[in-house]
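Tertiary structure, described
One letter stands for each residue in the lines below.
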Amino acid sequence: MTDKAYALFEEQQQSRGMDLDLIKSRLKALQIETPSWGYGDSGTRFKVFQKEGVPRDPFEKLEDAAQVHKVTGLCPSVAIHIPWDKVEDYGKLRSHAESLNLKIGAINPNMFQEEEYMLGGVTNSDPAIRRKTTDHLLECVDVAKETGSRDLSLWFADGTNYPGQGSIRKRKNWMLEALSEMYRALTPDMRMLIEYKAFEPAFYHTDIADWGMAYNYAVKLGEQAHVLVDTGHHLPGANVEHIVSYLIDEGRLGGFHFNSYKYADDDLIVGSINPYELFLIFYQILDAADSGEDRLVQAVNNIAYMIDQSHNIEMKIPAMIRSVLNVQTQYAKALLIDHREVAEAQANNDVLGAEDAVRRAFEFDVTPLLHAVREEQGLPLDPMKAYLADSYGQSILARGKGGASW
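No experiment lies behind these values; they were computed from the predicted model shown.

About the criteria used
- Residues numbered from 1 in each chain as written.
- Predicted model: local features only at pLDDT ≥ 70, side-chain atom pairs only at ≥ 80, totals over all residues.
- Heavy atoms only, no water.
- Buried < 20%, exposed > 50% of the residue type's maximum accessible area, 1.4 Å probe, protein only.
- Helix = DSSP H or I, 4+ residues; strand = E, 2+ residues; numbered from the N terminus.
- Pairing = 2+ DSSP bridges.
- Right-handed = clockwise from strand over helix to strand, strands pointing away.
- Arc of directions from axis to C-beta.
- Contact = heavy atoms within 4.5 Å.
- Phe/Tyr/Trp six-rings, centres within 6.5 Å; stacked < 30°, edge-to-face > 60°.
- Lys NZ or Arg CZ within 6 Å of the ring centre and 35° of its normal.

**Here we look at the pairing of strand S3 (residues 103-109)**
- In terms of burial, S3 is largely enclosed, as six of its seven residues are buried.
- Pairing of strand S2 (residues 77-82) with S3 involves five bridges; the strand directions are parallel. Counted as the bridge partner of isoleucine 82 is proline 109 from S3.
- Between S2 and its parallel partner S3, the chain crosses via helix H4 (residues 90-99), and the hand of that crossover is right-handed.

Below you can see the structure in the form of structure tokens.
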């Protein structure tokens, strides 16, 4: 049945002039980073619901992440969060990752859970707190050096709840001071990825509230500073793919934190709410990749695809597998867009023709294509089914409750 389904799919796509060998090679090259915190207990703003079998330390988090990579072949790196994943010997953590065919990915500083950070970290009016926060940023640069990590992913909870609570201009300059000191500590092969968020936990103003502010800091800092787009960090109605295209053209799109939201920063399973948005994001990325412009190709090749999905009611490993597979599916659909057809319609001001050329790719069932690629890679055709049939999920229940939590 699979062979028949793929034969039909192949006939359809070849009749459209699509290069299936190229599409398959791109699918095989896709890499998605999973987050260590996505394997631990997490919760709503009201409670953390503890699950049996969650990891008790960063080493067990890596072991769970290895299961996702084992069945999907997509996730060779794991982002870590400091101090949630703090260990005495980062070389040992790196070696453990490598023994599992993984590597340590982005380092994420935590600047929002200390008591002193209630009114801000790097933007706090108290210089001692600003110093403490900046020292933590520098500590994370050292962690990156020890783990062989390239990226430092920065999200700041800093902001205010009320007019007059803080000087917005002073806070802006304090932010730049801290980022500049951290930037100077980077090695030449490292990158600083600056995240933004419209609101929460601050509700009057957030110190890095949108992509423009993050971009402005990146430009001021230098070529190793880029913007990180969290798909859950936008106000309703925001055109995320527009932001993506703009940042690619400016050479400043460093990466993504993929998740889904219905109302705010829900951190739901990727693609569970608006898969078409995810598809359209990949459309913009692939449109740049196929532009023939070296600068755009280079910009696209440097994008880090990372998951930032972590909620409280679903089992952790299956939820991560679902997120990863949803990303792969929408990427596969986007690979079926005929950019020549779109460009021709655009040149002729054919509004409906251009829209149809994009949407038609989204409507294809790419299951036969994904099955064929997985078969060629020696992976299970149905990664979720393969994981659930394995004994690993049952074996980790011996960890009991009360594992790692934020």
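**A few points about helix H7 (residues 211-221)**
- For H7, the set of buried residues is Ala214, Tyr215, Tyr217, Ala218 and Leu221. The buried residues of H7 all sit within an arc of 160° when viewed along its axis, so they share a single face.
- In this structure, the buried side of H7 is in contact with helix H6 (168-185), strand S6 (191-195), strand S8 (225-230) and helix H8 (240-249).
- Downstream of H7 by one or two residues, glycine 222 has phi in the positive range, about 140°.

**Topic: the packing of aromatic side chains**
- In the structure shown here, the tally under the stated rule is 15 aromatic pairs.
- When the ring of tryptophan 211 is compared with that of tyrosine 215, the centres are 6.4 Å apart and the planes differ by 55°; the resulting orientation is tilted. Pair noted here: tryptophan 211 and tyrosine 215 are both in helix H7, with a separation of four residues, about one helical turn.
- Between the aromatic rings of phenylalanine 256 and tyrosine 305, the centroid separation amounts to 6.0 Å while the plane-to-plane angle is 10°, which identifies the pairing as stacked. Of this pair, phenylalanine 256 sits in strand S9 (residues 253-258) while tyrosine 305 is found in strand S10 (residues 304-307), placing the two residues 49 residues apart along the sequence.
- Among the residues examined, phenylalanine 256 registers a relative accessible area of 0% and is labelled buried.
- We classify tyrosine 305 as buried; its relative accessible area is 12%.
- Through a chain of ring-to-ring contacts, the aromatic side chains of Phe256, Phe258, Phe282, Tyr305 and Tyr331 assemble into a single cluster.
- The cationic tip of lysine 132 hangs over the ring face of tyrosine 117; the distance from NZ or CZ to the ring centre is 5.5 Å.
- Of note, lysine 333 hangs over the ring of phenylalanine 362, and the distance from its end group to the ring centre comes to 5.3 Å.

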